[in-house]
Every structure is written in structure tokens, then in C-alpha cells.
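For reference, the chains in residue letters:
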Amino acid sequence: MKKSIEQIKFLKADLKRCWGHREPFSGAFLISPFLWLTSWSLIYYRISRSLFLLPSPLRILFAPVRHVIKRTGQLFTGTDISERADIGPRFFIAHNGTLVVGGHTTAGSDFFVRQGVTCGGDGVGAGHPTFGDNVVLGANAVVVGKITIGSNVMVGANSTVTRDVPNNVVVAGVPARVVKENRLDEMGKSGSNTTADGHGSAVLLTHGHNASNEN
């Protein structure tokens, strides 16, 4: 039950992050769903996961409700985030649209994704990716397989990641490779992956194909 309630606390942190460092008043996160459409993806994911984490008798009882919430959220947002995915607080989605986070994907705090991202299995072996804290995935990035992506990592747009990635780097290309170090002081206060407006990082402008053609 504790883990189930924790998801609601995480949702509050997710919605507060929509404001970046600009939250104008206490409780402003409550109006986030009316200003940021991506908030609805966070809401259906956190609620469905909260119901999924209920103790067995309750989880079975509320399974139909969970599925209705999830399917309705998928229909209206165009995102597919499995309730089996374990994502830490301050999860941020920059734009809705064809976002897929498969079951058993694990991510730490401050997980930042843009539209078109796919996180899931590779169709060959079992397993989904595990992400550390402060990870940014650029538009249309694909991260598949049972791999580990370290903390403070940025993945460039249109990149495909199929191998483990160490901490504190920027990766880009198809297949993705390290293109530079990612120092904490470049990522904002405490490596939070935020710029001055609190909404992302310049690495998201990196085009994976351009990076792959540098050598």
C-alpha cells in the first residue's frame, strides 16, 4: 500500500516540474493539466501504476478500473506508458505523441523525454532498459533491450541505443556512441537537466544522424 500511495506523491512532483523554477504560487501544480497537455499522460500513468501496486486482493478488484484509465489515457494522449514501468519522481514529458515506455522499464528521478521516444524490448531477448537519474531522451530516440543507461546522460534526437551507457555522457547516432562528456554544471543546478526555464537541455537539438556522420 505504501508504494501505491507513493505514486500519488510522485505525480505531485511530476506536475510541479511542469512549472520548472517558475511556479508562481503554492499549489499551482493543480492547474498544470489545464496548461500542459502532457500532464494527462503523467496522470493516467501514475494512477494506473498506483492501482497496479495495490496488495493482491485490491489489485485484482481494481484491475478493470486500471485498464479503463490506462486505455482512455492512451486514446486521448497518443502515449503508451505501461503501468509496469517503474519511473521515479519528477518525470517530465515535453510533448505527447507516439511515446512508448514498455513494461519493466526502470528509470530514476528527473526522467525527461520528448515525443517519439521508444523504451522497450529489442524483440530478441527478454528485458527492458534501466535508466539512472537525470536522463534526457531527445525526440524519436530509441532505447531497447536489457541495457543500463547511467545517470546524467543525454541521448540525442533520432539516436538508437542498444548498449550500456556510462554516467555523465552525451550519446548520439545510429547506433549511439559517446560524443562528449556531460558535466553536471552544464545541466543546471544539481544536474537537474534543466535550462533557465526549467524545461530541458540544448542536447535535445542534436540530430542523431548528423552526429553519426562526423567521423
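Data block above holds the structure.
Right, let's walk through the structure included here. Quick caveat, the model's predicted, so the values are computed rather than measured.

Conventions used here
- Residues numbered from 1 in each chain as written.
- Predicted model: local features only at pLDDT ≥ 70, side-chain atom pairs only at ≥ 80, totals over all residues.
- Heavy atoms only, no water.
- Helix = DSSP H or I, 4+ residues; strand = E, 2+ residues; numbered from the N terminus.
- Buried < 20%, exposed > 50% of the residue type's maximum accessible area, 1.4 Å probe, protein only.
- Phe/Tyr/Trp six-rings, centres within 6.5 Å; stacked < 30°, edge-to-face > 60°.
- Pairing = 2+ DSSP bridges.
- Axes fitted to C-alpha atoms, helices over the stretch in contact; angles between N-to-C directions.
- Parallel < 35°, antiparallel > 145°, perpendicular 65-115°, else oblique.
- Left-handed = near helix turned anticlockwise from the far one by under 90°.
- Contact = heavy atoms within 4.5 Å.
- Core = buried A, V, L, I, M, F, W, Y, C linked by side-chain atoms within 4.5 Å.

Turning our attention to unusual backbone geometry. Omega for the peptide link from valine 174 to proline 175 comes to -5°, which places this bond in the cis form. Mapped onto the fold, proline 175 is located in the loop between β14 (169-172) and β15 (177-181). Residues other than glycine seldom take positive phi values, yet aspartate 110 does so here, at roughly 60°. In this fold, aspartate 110 is placed in the loop between β5 (106-107) and β6 (112-113). Relative accessible area serves as the criterion here: at 9%, aspartate 110 is assigned to the buried category. The phi angle at asparagine 134 is positive, at roughly 60°, despite the residue not being glycine. Checked against the element boundaries, asparagine 134 lands in the loop between β8 (130-131) and β9 (135-137). A residue is classified by how much of its surface remains accessible, and asparagine 134, at 10% relative accessible area, is buried.

The next point concerns the packing of aromatic side chains. Per the stated rule, a full pass over the model turns up six aromatic pairs. Plain terms: the ring middles of tryptophan 19 and tryptophan 36 are 5.0 Å apart, the flat faces sit at 75° to each other, and that makes the pair edge-to-face. One end of the pair, tryptophan 19, is in the loop between α1 (2-17) and α2 (32-35); the other, tryptophan 36, is in the loop between α2 and α3 (39-52), and 17 residues separate them in sequence. A relative accessible area of 9% places tryptophan 19 in the buried class. You can call tryptophan 36 partly exposed: its relative accessible area is 22%. Ring centres of phenylalanine 111 and phenylalanine 131 lie 4.9 Å apart, and the angle between their planes is 40°; this geometry places the pair in the tilted category. Here the residue phenylalanine 111 occupies a position in the loop between β5 and β6, and phenylalanine 131 occupies one in strand β8, the gap between them amounting to 20 residues.

The six strands are arranged β3-β6-β9-β12-β14-β15 in an open sheet whose pairing can be described as mixed. Lying at the two open borders of the sheet, with one neighbouring strand each, are β3 (92-93) and β15. In the sheet, strand β12 (residues 153-155) pairs with β14 via two bridges, with the strands oriented parallel. Note that in β14 the partner of valine 155 across the bridge is valine 171.

Quick look at the packing of α3 against helix α5 (residues 63-77) now. A pair of packed helices can be characterised by two numbers: the angle between their axes and the separation between those axes. Two numbers describe how α3 lies on α5: the axes approach to 9 Å, and their chain directions differ by 165°. Between α3 and α5, the crossing angle belongs to the class labelled roughly antiparallel. Where α3 crosses over α5, the two elements pack in a sense that is left-handed. Packed against α3, whose contacting residues are Trp40, Ser41, Tyr44, Ile47, Ser48, Leu51 and Phe52, the element α5 presents Val65, Arg66, Ile69, Lys70, Gly73, Gln74 and Thr77 at the interface.

Time to look at the nonpolar core. Residues Ile81, Ile87, Phe91, Phe111, Phe131, Leu137 and Ile149 are the most contacted members of the largest nonpolar core, which totals 32 residues. When contributions to this core are tallied by element, the ones reaching two or more residues are α1, α3, β9, β12 and β14. The leading source of residues in this core is α3, at four residues. Membership of the second largest hydrophobic core comes to seven residues, among which are Cys18, Phe92, Phe112 and Val170.

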